[in-house]
Structures are given as C-alpha cells and as structure tokens.
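Coordinate analysis (summary)
Each chain, letter by letter, is given below.
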Amino acid sequence: MQYELIPVGVDGCRGGWCVACSGEVWCVATFTELLKKVGEAAVIAVDMPIGLLDRAAAGGRACDREARRILGPGRASTVFSPPARPALDAASYGEALRINRETAPEQIGISKQTYNLFARIRDLDSVLARRPEQRIVEAHPEL
C-alpha cells in the first residue's frame, strides 16, 4: 500500500521501525524498507536523532538542549543526548562509551539506553547519508 502526501510517524522498535500512518500501525525491519512502503509521504517524523555530532558536547546538540528547556524540570530527562558519530561503530557498550568519551575533552559518556538505540540510529544515519531528504525530520513526541 502506498501512502501519498500523508504524514508518517516513526519510532525505533526491537525488530526495526514502528510506523504510524493514516490510522494504521505496522513494523518494518529497515529504514530503507520504510521509505519504499510510505512512498511520497509529505513528512516522515522520526523519534530518533538526526544530524549527529562528530564530537560529544555537553548537553548534546543545540536541539537537545532547547527541547529540554521547553519541557522544563521533570520532563527534560525524556530527551537523551545522542552519541558522537564515531561511537556508532562500537561493538559493545564499553567500547562505545570509551569512543564517545575520547571525542571530547569533557569525557562525555553515553547511557546504556542510548547504546540500545545504536542499531536504529546507525540505520537512519546511513540512509540519510546516502539520500538526504528534507521530508524526514526528527521529532520529539514529548513536545
């Protein structure tokens, strides 16, 4: 089924990606498969970081800090700082933590929760590196 000019909501899940569109919800294994299935959707809003930094920064990217500011105390913790891009190639949490810390003088770490999202972050990041699309945007449902 093709969904043309319809907004699509996407989040990572254990098996790949969970997609919500036009009152339907389904899962696909890869972001490439998702793009094929949704066709020319108007916008694809993904609850996953887009635009990783090459070096870790205190508080993450500017958009992460702004999202936390808007959410305020008590809810700001729902926005995590993504890893620095070099950490994505790590084979273990320990290695990812070490690499992320090595990218910045402040020795900024990553949480295990963040590490558990690496497969989805890598998938999305590699797709966007091959075919950047303005219709794919990062979304924080909390906002």
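Residues numbered from 1 in each chain as written. Predicted model: local features only at pLDDT ≥ 70, side-chain atom pairs only at ≥ 80, totals over all residues. Heavy atoms only, no water.

Quick word on the side chain of Asn100
What counts here: Numbering of helices and strands runs from the N terminus; a helix is a DSSP stretch of H or I covering at least four residues, while a strand is a stretch of E covering at least two. Partly exposed residues are those whose accessible area sits between 20% and 50% of the maximum for their type, while under 20% is buried and over 50% is exposed, using a 1.4 Å probe and protein chains only. Only heavy atoms matter for contacts: two residues are in contact if any of them lie within 4.5 Å across the pair.
Tracing the backbone through its elements, the reader meets Asn100 in helix α3 (residues 93-102). Classification of Asn100 as buried rests on a relative accessible area of 1%. When sequence neighbours within four positions are dropped, the list of residues in contact with Asn100 reads Ala56, Pro83, Ala84, Ala87, Ile108, Gly109 and Ile110.

Details of the layout of surface pockets
Applied cut-off: Residues are called lining when one of their atoms sits within 4 Å of a cavity or pocket point, these points coming from a 1 Å grid over the protein atoms alone, where a cavity is a set in which a 1.4 Å probe fits but cannot get out and a pocket is an open set with protein on both sides within 12 Å along at least five of seven lines. Grid points are joined across faces, edges and corners, and a volume is the space filled by probe spheres set on the points. Here the term charged refers only to Asp, Glu, Lys and Arg, the term nonpolar to Ala, Val, Leu, Ile, Met, Phe, Trp, Tyr, Cys and Pro, and the term polar to all other amino acids, Gly among them.
By volume, the largest pocket amounts to about 270 Å³. Along the wall of the largest pocket there are 15 residues; nearest its centre are Asp47, Thr78, Phe80, Gln113 and Leu117. Here the residues of the lining of the largest pocket sort into 5 nonpolar, 5 polar and 5 charged.

Here we look at α3
Counted only if it meets this: What the arc covers is the set of directions going from the helix axis to the C-beta atoms.
Here α3 has its buried residues at Ala96, Leu97, Ile99 and Asn100. One side of α3 holds all its buried residues, which, seen down the axis, span an arc of 170°. Of the surrounding elements, those touching the buried residues of α3 are α4 (112-115) and α5 (118-130).

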